[in-house]
Amino acid sequence: MIVINLDVMMAKRKMSLNELSDKVGITLSNLSILKNNKAKAIRFSTLDAICKALDCRVEDIIEYTED
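In short, a report on the structure.

Scoring rules and cut-offs
Residues numbered from 1 in each chain as written. Predicted model: local features only at pLDDT ≥ 70, side-chain atom pairs only at ≥ 80, totals over all residues. Heavy atoms only, no water. Salt bridge = Lys/Arg side-chain N within 4 Å of Asp/Glu carboxyl O. Helix = DSSP H or I, 4+ residues; strand = E, 2+ residues; numbered from the N terminus. Buried < 20%, exposed > 50% of the residue type's maximum accessible area, 1.4 Å probe, protein only. Axes fitted to C-alpha atoms, helices over the stretch in contact; angles between N-to-C directions. Parallel < 35°, antiparallel > 145°, perpendicular 65-115°, else oblique. Left-handed = near helix turned anticlockwise from the far one by under 90°. Contact = heavy atoms within 4.5 Å. Nonpolar A, V, L, I, M, F, W, Y, C, P; charged D, E, K, R; others polar. Core = buried A, V, L, I, M, F, W, Y, C linked by side-chain atoms within 4.5 Å. Polar contact = N/O pair within 3.5 Å; in protein donor to acceptor, adjacent residues only side chain to side chain.

### Notes on the pattern of salt bridges
Here is step 1: Per the counting criterion, the structure on display carries three salt bridges.
Here is step 2: Where aspartate 48 meets lysine 52, a salt bridge forms, and the shortest distance between an N and an O atom there is 3.1 Å. Taken together, the positions of aspartate 48 and lysine 52, both in helix H4 (residues 44–54) and four residues apart, correspond to about one turn of that helix.
Here is step 3: Since its relative accessible area comes to 39%, aspartate 48 is described here as partly exposed.
Here is step 4: Among the salt bridges present, the one from glutamate 59 reaches arginine 57, with a minimum N-O distance of 2.5 Å.
Here is step 5: Residue arginine 57 is classed as exposed on the basis of its relative accessible area of 55%.

Take a look at the structure:
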């Protein structure tokens, strides 16, 4: 199972969903879907923008765990 740890990284960086949305250029709704592990897919360009905004690596946000 793929787990999205966006909320963890946002907390570490003390960044709100609104602030991240402004920096990344995607809607609050789409960020919320991603943050709550409801997303079915993510574009590499979006992932790249999130990593830049949060100054982190992909593996800080996306984690694989066995079911």
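### Observations concerning the packing of helix H2 (residues 17–24) against H4
Here is step 1: Put simply, H2 and H4 touch, their axes get as near as 9 Å, and they point 120 degrees apart. Accordingly, the angle class assigned to the pair H2 and H4 is oblique. Crossing of H2 against H4: the hand is right-handed. Of the residues in H4, those in contact with Leu20, Lys23 and Val24 of H2 are Thr46, Ala49, Ile50, Ala53 and Leu54.
Here is step 2: For the contact of H2 with H4, the per-class residue count stands at six nonpolar, one polar and one charged.

### Considering the nonpolar core
Here is step 1: In this structure, Leu6, Leu20, Ile50, Leu54 and Ile61 are the most contacted members of the largest nonpolar core, which totals 16 residues.
Here is step 2: Elements supplying a minimum of two residues to this core: helix H1 (6–12), H2, helix H3 (28–35) and H4.
Here is step 3: Excluding residues that lie within four positions of it along the chain, isoleucine 50 makes contacts with Leu6, Val24, Leu31, Leu34, Ile42 and Ile61.

### What about unusual backbone geometry?
Here is step 1: Despite not being glycine, lysine 14 has its phi angle at roughly 55 degrees, a positive value.
Here is step 2: Tracing the backbone shows lysine 14 in the loop between H1 and H2.
Here is step 3: Of note, asparagine 37 is a non-glycine position whose phi angle comes to about 60 degrees, a positive value.
Here is step 4: Examined against the element boundaries, asparagine 37 turns out to sit in the loop between H3 and H4.

### Side note on the side chain of serine 21
Here is step 1: Relative to the helices and strands, serine 21 resides in helix H2.
Here is step 2: Given a relative accessible area of 10%, serine 21 falls into the buried group.
Here is step 3: Reaching out from serine 21, the side chain makes a polar contact with the backbone oxygen of isoleucine 26 at a distance of 2.5 Å.
Here is step 4: Setting aside its immediate chain neighbours within four residues, serine 21 contacts Ile26, Thr27, Leu28 and Leu31.

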